[in-house]
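Architecture and fold: a report
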Amino acid sequence: MGSKPQLIVAEPELVKNIMIKDFHLFVNRNNMGSIDEILDQMLTAVKDDEWKRLRSIVSPTFTTGKIRKMYALVEHCVKGVDKMLEKAANGEQEVDVRSLMGNYTMDVIASCAFATKTDTHNDPKNPFIINARKLFNQHIWRSFMFLTMKPVMKFFNISILEPTTTDFFKKAITEIVNQRKKDKSGRHHDFLQLMINAQKNVNDLEDIDDQLMDAEAHHGMDDNSKLLTNKSKLEVSDLDILANSFLFFLAGFETTGHLLSHMSYLLAINPECQKKLMEEVVANTDANGN
C-alpha cells in the first residue's frame, strides 16, 4: 500500500493454508493506524491477546442457534422488499435494484446490529439512515489525508470518520444499552443484546467451548494460543460494543447490497436459472411459508 510493497496470494492452496491450517501464524492484520478509538477497537484492528479476547466474545454470538433467533428480524425486512416489488410490478415500473437491495441491507443491519427498526424504502430522512449513509460518503479530504498525511491527522487529532456521525451512533447505542440493562425480559435477540449479555458475563460457556474446539480443529492452535475463557478476561466495554456494532455495519452493508444486486441482475438475464431457483424455493417451503 502506497510506498510499501505488498504480497498478494492468489494460489488457492496457499490461501487455504493461511486462513485455516496456519491461521495462528497470521492472526494480525496490517496496522492501518486509523487514529480513531472506534475503528481501532474493531475486531479487524486489534492485535494479539486483545484480538483473542474480542474474538472469544464476538464469535459465540454467531452460532447457528443465535443467528436463527434473528430470523424474525430479517423476515420483517424481506416483507418490505416484497411490498416494493409488488408495487412496482402492479404499476409496471422499473426498479433500481441497487437502491432496493441497499435499502434492504440497511434495514437488516439496523435491526440485527443496532436494535433499531427502520423503513429505508419509505423513510429516507430517518436520522439513523442519514448518518449511516454518511459512513460511506466521507469527505474526500479526510480519505486523502488518511492515505497521505496520517501523522498530521494524529497530531491534530483528526478522525477519518465524520465526528457528527460517530457522536450520533455513540449516543444512540448508549441509550439503547441503558434501556436494555433496565429491561429484564430477555425478549431481544439482536447482535447488540448478545454483546450486552457478554458484558454481563452471562454468555453460555458451552458456546465459548464450542468455538474454542472449532478454533483448535480448524486453525491448529496449540494450548498457549487458545482463546481466553476466563470470565474475568471476557469483560466487554461500551467501546467494544460500539466499535463492533460499527464493524457489523461497515463489513455487511456494501458487500451484501452489491452481492444481492448482482445476483438479481444475473437472475434477470438468465430466466432459466430464475425458474429453477423458484422451483427449489417452492419445493423447500413448508405449509407455513417457512
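Under an unreviewed UniProt entry, the protein has the name Cytochrome P450 and belongs to Medioppia subpectinata.

According to the stated counting rule, one finds five aromatic pairs in the structure shown. On the numbers, 5.9 Å between centres and 50 degrees between planes, the contact of F23 with W51 is tilted. On the criterion of sequence distance, the pair formed by F23 in the loop between α1 (12-21) and α2 (37-40) and W51 in helix α3 (residues 48-58) is long-range, its members being 28 residues apart. Judged by relative accessible area, W51 falls into the buried class, the value being 7%. Between F169 and F246 the ring centres are 5.2 Å apart and the planes differ by 75 degrees, which places this aromatic pair in the edge-to-face class. Note that F169 is positioned in helix α10 (residues 163-182) and F246 in helix α13 (residues 238-269), a separation of 77 residues in sequence. Accessibility assignment for this pair places F169 and F246 in one class, buried. Members of the aromatic cluster, connected to one another through ring pairs, are F128, F168, F169 and F246.

What follows deals with the confidence of the model for the protein. Mean pLDDT for the protein: 77, with 75% of residues reaching 70 or above. Highest mean pLDDT in the protein belongs to helix α14 (residues 271-283) (92); lowest belongs to helix α12 (residues 205-219) (47). Contacts of residues 202-213 to residues separated by more than four positions or lying in other chains number 20 contacts, the stretch itself having pLDDT below 50. Confidence drops under a pLDDT of 50 for residues 215-232, and excluding neighbours within four residues, the segment shows 36 contacts in the predicted structure.

An α-helix turns once per 3.6 residues; consequently, residues spaced three or four apart project the same way. Judged by how many residues are buried, helix α11 (residues 191-199) sits mostly within the fold: eight of nine residues are covered. Regarding α11, the residues found buried are F191, L192, Q193, L194, M195, I196, A198 and Q199. For α11, the secondary structure elements touched by its buried residues are α3, α4 (64-68), α6 (97-112), α10 and α13.

Compared with an ideal rise of 1.5 Å per residue, which puts 20 residues at 28 Å, α10 spans 29 Å between its outermost C-alpha atoms and is within 8% of the ideal. Of the residues making up α10, those classed as buried are T165, T166, F169, I173, I176, V177 and R180. When α10 is viewed along its axis, its buried side chains cluster within an angular range of 105 degrees and face the same direction. Facing away from the buried side of α10 by more than 90 degrees, the exposed set consists of K171, Q179 and K182. In this fold, the buried residues of α10 make contact with α2, α7 (127-134), α11 and α13.

What follows concerns the pattern of salt bridges. The tally for this structure, following the rule as stated, stands at four salt bridges. With a closest N to O distance of 2.8 Å, E50 and R53 form a salt bridge. In this pair, E50 and R53 are both assigned in helix α3, three residues apart and thus about one turn of the helix distant. Taking the shortest distance from any N to any O, the salt bridge between D240 and R53 comes out at 3.0 Å. A residue pair is termed long-range when its members are at least 10 positions apart, and D240 in helix α13 and R53 in helix α3 qualify at 187 residues. The network of salt bridges with common partners includes E50, R53 and D240.

Look at α6 against α7: their axes get within 12 Å of each other, and the N-to-C directions meet at 110 degrees. Judged by the angle between their axes, α6 and α7 are roughly perpendicular. For the pair formed by α6 and α7, the contact residues are N103, M106 and A110 on the first element and F128, I129, A132 and R133 on the second. Here the residues of the contact of α6 with α7 sort into five nonpolar, one polar and one charged.

Let us look at unusual backbone geometry. Positive phi, close to 50 degrees, is recorded for D48, a residue that is not glycine. For D48, the position within the fold is in helix α3. Note on D48: relative accessible area 46%, which makes it partly exposed. At E92, a position not held by glycine, the phi torsion is positive, near 50 degrees. The residue E92 is located in the loop between α5 (71-90) and α6 in this model.

Rules used throughout
- Residues numbered from 1 in each chain as written.
- Predicted model: local features only at pLDDT ≥ 70, side-chain atom pairs only at ≥ 80, totals over all residues.
- Heavy atoms only, no water.
- Phe/Tyr/Trp six-rings, centres within 6.5 Å; stacked < 30°, edge-to-face > 60°.
- Helix = DSSP H or I, 4+ residues; strand = E, 2+ residues; numbered from the N terminus.
- Buried < 20%, exposed > 50% of the residue type's maximum accessible area, 1.4 Å probe, protein only.
- pLDDT = per-residue confidence, 0-100.
- Contact = heavy atoms within 4.5 Å.
- Expected span 1.5 Å × (residues − 1).
- Arc of directions from axis to C-beta.
- Salt bridge = Lys/Arg side-chain N within 4 Å of Asp/Glu carboxyl O.
- Axes fitted to C-alpha atoms, helices over the stretch in contact; angles between N-to-C directions.
- Parallel < 35°, antiparallel > 145°, perpendicular 65-115°, else oblique.
- Nonpolar A, V, L, I, M, F, W, Y, C, P; charged D, E, K, R; others polar.

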